[in-house]
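Below, each chain spelled out in residue letters.
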Amino acid sequence: MHNFVRHQMDDIGQLIPLDEMLNHQIVDTFASTATSDLGWTEKIWSAILKKDGSLAIDFGLGRYHNRGVMDGWAAVSRGGEQWTVRSNREPRDDPTITSVGPITYEIIEPLHKVRFALAPNDIQPIAYDITFTSEMPAFFEDRHKQRERDGFRVGSDVIRYHQVGVPSGWVEIEGQRIEIKPEEWTEYRDHSWGLRLDVGVHSPDVRPNTDFGGPEFGKDEFVLIWSPFMLRTPQGEKYAYHFYYMVQKGRVFYSSGYRNLPDGTQEKVARVRPELNYDDKTRRLLGGRVHFDMLQGGTHTVEVEVLGTSACHLGPGLYLGFEGRKHGSWKGPLEVEGEKFDNTLDVATLKRIRQLRDCPILVREGDAVGYGVMETIIHGAHPELGLTRENSLI
């Protein structure tokens, strides 16, 4: 790597290698974002799922430009077991370096082929090296723009694209290496950027919010469902759905849904109507169906079946926080840590790691069959789902 001299003026950011490219979109260098808000985040996520439900792998990487932090996490789930490794570092001079300790994200061919890797490490006995190859184009979700409840500050303004593909490579668990064969696995990834909720520890001199990740989050009835999945007809035709659905006290306050086609067409969903079942003790998804009322008319109904108990919980990856740790918190030059959970079905464990997980699903619509991932948070009492307040957890 070439060394370079830091060139900086009082009103212009540091000059870095990216500035050699012809891609500027603001009147500043790539060392600066358009806003100095501490919630600015660029986030990478992927879930790699074995179709028989026996193994699940997660990957996450975040750059918090205005916090001076890059962090990442990698996890493997086998049944109720989960191993997690987290890394956190100060960004280097070159922001094109997308690795944090043993965790690496590499763009091989933009919007088609990327690599997710966890090197062998001293924290947990897991490692993997997986290359994603797309099966369909990347698709946008609706912009998630949300104000604080007082109507003033914008708490979230994020755009995100997601993509389905096939993984290849290997995963290692406690010394056993398992080949990842594309025909036996599926993979979903996303990339988001903007002002993100739930970044950093809450500042005591800022008015607390009750939105996602805030200090009061979880005290009211709340439903969150996020899910992409792709189906294939017996004739080999492919199509996909995605929806993101949030409800608080019975009121839908964010909903995004599309039926996505291989030529890049996105057919808008006017209303998503999930009819899903959950276990009251663990708040884990059991299955059900989702109805998509299309903007141009007609309704599609997709049956959802859960594939086993292997599913990476996102809490140890710092989603909604984990034992005082939060996304985007500065930890110095480099910190690498992690832990193993022996039974993520245990309620005491769930209270530590939270219910949010990347659940592998089998989906059917008519004679079309496919696979996907579904994340859910169902908090509070929901009698229509058989869920009681006594067993609620975040």
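**Some words on empty space enclosed by the protein**
- Taken as a whole, this structure holds six cavities of 30 Å³ or more when the rule is applied.
- Taken as a whole, the second largest cavity holds about 110 Å³ of empty space.
- If you go around the second largest cavity, you meet 14 residues; those closest to its centre are Asp71, Gly72, Arg86, Ser87 and Leu318.
- For the lining of the second largest cavity, the secondary-structure elements that each account for two or more residues are β3 (69-78), β4 (81-89) and β21 (334-341).

**Notes on the state of the cysteines**
- The tally for this structure, following the rule as stated, stands at zero disulfides.
- Note on Cys312: no disulfide assigned, nearest cysteine sulfur contributed by Cys359 at a separation of 11 Å.
- Here Cys312 falls in the buried class, since its relative accessible area comes to 0%.
- The class of Cys359 is buried, set by a relative accessible area of 1%.

**Structural notes on the side chain of Asp198**
- Tracing the backbone shows Asp198 in the loop between β13 (185-195) and β14 (222-232).
- The buried category is assigned to Asp198, whose relative accessible area is 11%.
- Here Leu320 takes part through its backbone nitrogen, which lies 3.0 Å from a polar atom of the side chain of Asp198.
- Polar side-chain contacts of Asp198 include one of 2.3 Å to the side chain of Lys326.

**Some points on the pattern of salt bridges**
- Counted according to the given criterion, the structure contains 27 salt bridges.
- For Asp157, the salt bridge is made with Arg143, and the minimal N-O distance between the two is 3.2 Å. Here Asp157, found in strand β11 (residues 154-173), pairs with Arg143, found in the loop between β9 (139-140) and β10 (144-147); they are 14 residues apart in sequence, far enough to count as distant.
- Relative accessible area serves as the criterion here: at 52%, Arg143 is assigned to the exposed category.
- Of the charged contacts in the structure, one is a salt bridge between Glu303 and Arg289, with a shortest N-O distance of 3.7 Å. Within this pair, whereas Glu303 is found in strand β19 (residues 299-306), its partner Arg289 is found in strand β18 (residues 285-294), the two being separated by 14 residues in sequence.
- Look at Glu303 and you get partly exposed, because its relative accessible area is 35%.
- Each of the salt bridges in this network shares a partner with another, and the network as a whole consists of Arg86, Glu323, Arg325, Glu337, Glu339 and Arg352.

**Observations regarding the environment of Glu237**
- Its place among the elements puts Glu237 in the loop between β14 and β15 (238-248).
- With relative accessibility at 53%, the residue Glu237 sits in the exposed group.
- Separated by 24 residues in the primary sequence, Glu237 and Leu261 place their C-alpha atoms 9.5 Å from one another.
- In this view, Glu237 contacts Leu231 and Arg232; residues no more than four positions away in its chain are not counted.

**Let's talk about unusual backbone geometry**
- For Leu111, which is not glycine, the phi dihedral falls at a positive 65 degrees.
- By the secondary structure assignment, Leu111 is in the loop between β6 (103-109) and β7 (113-118).

**Some words on the pairing of β11**
- Here strand β8 (residues 126-134) pairs with β11 via nine bridges, running antiparallel. The residue of β11 that forms the bridge with Thr133 is Val166.
- The sheet contact formed by β9 and β11 spans two bridges and is antiparallel. Bridge pairing in β11 links Phe140 to Tyr161.
- In terms of strand pairing, β10 meets β11 through four bridges, oriented antiparallel. Paired with Lys145 across the bridge in β11 is Asp157.
- Where β10 hands over to β11, the hairpin turn is made up of six residues, of which Gly151 adopts a positive phi near 85 degrees.
- Where β11 meets strand β12 (residues 176-180), five bridges bridge the pair, whose relative direction is antiparallel.

Rules of the game
- Here, residues in each chain are numbered from 1, in the same order as that chain's written sequence.
- A pLDDT threshold of at least 70 governs which residues receive local features in this predicted model, and a stricter bar of 80 or more applies before side-chain atom pairs are shown or counted, although totals over entire chains, interfaces and linings include all residues.
- Side-chain numbers here rest on the full set of heavy atoms in the structure, without hydrogens or water.
- Any residue with an atom within 4 Å of a point lines the site, the site being either a cavity, points on a 1 Å grid over the protein atoms alone where a 1.4 Å probe fits but cannot get out, or a pocket, an open set with protein on both sides within 12 Å along at least 5 of 7 lines.
- Grid points are joined across faces, edges and corners, and a volume is the space filled by probe spheres set on the points.
- Put simply, DSSP H or I for four residues or longer makes a helix, DSSP E for two residues or longer makes a strand, and each gets a number counted from the N terminus.
- Two cysteine sulfurs form a disulfide in these notes if their separation is within 2.5 Å.
- With a 1.4 Å probe rolled over the protein chains alone, any residue whose accessible area is under 20% of its type maximum counts as buried; one over 50% counts as exposed, and the rest are partly exposed.
- By the criterion applied in these results, polar contacts are pairs of N or O atoms within 3.5 Å in which, for protein atoms, one can donate a hydrogen and the other can accept it, and in which residues neighboring in sequence qualify only through two side-chain atoms.
- For salt bridges, the criterion is a side-chain nitrogen of Lys or Arg within 4 Å of an Asp or Glu carboxyl oxygen.
- Residues are treated as being in contact if the distance between any of their heavy atoms lies within 4.5 Å.
- Any two strands between which DSSP finds at least two bridges are classified as paired.

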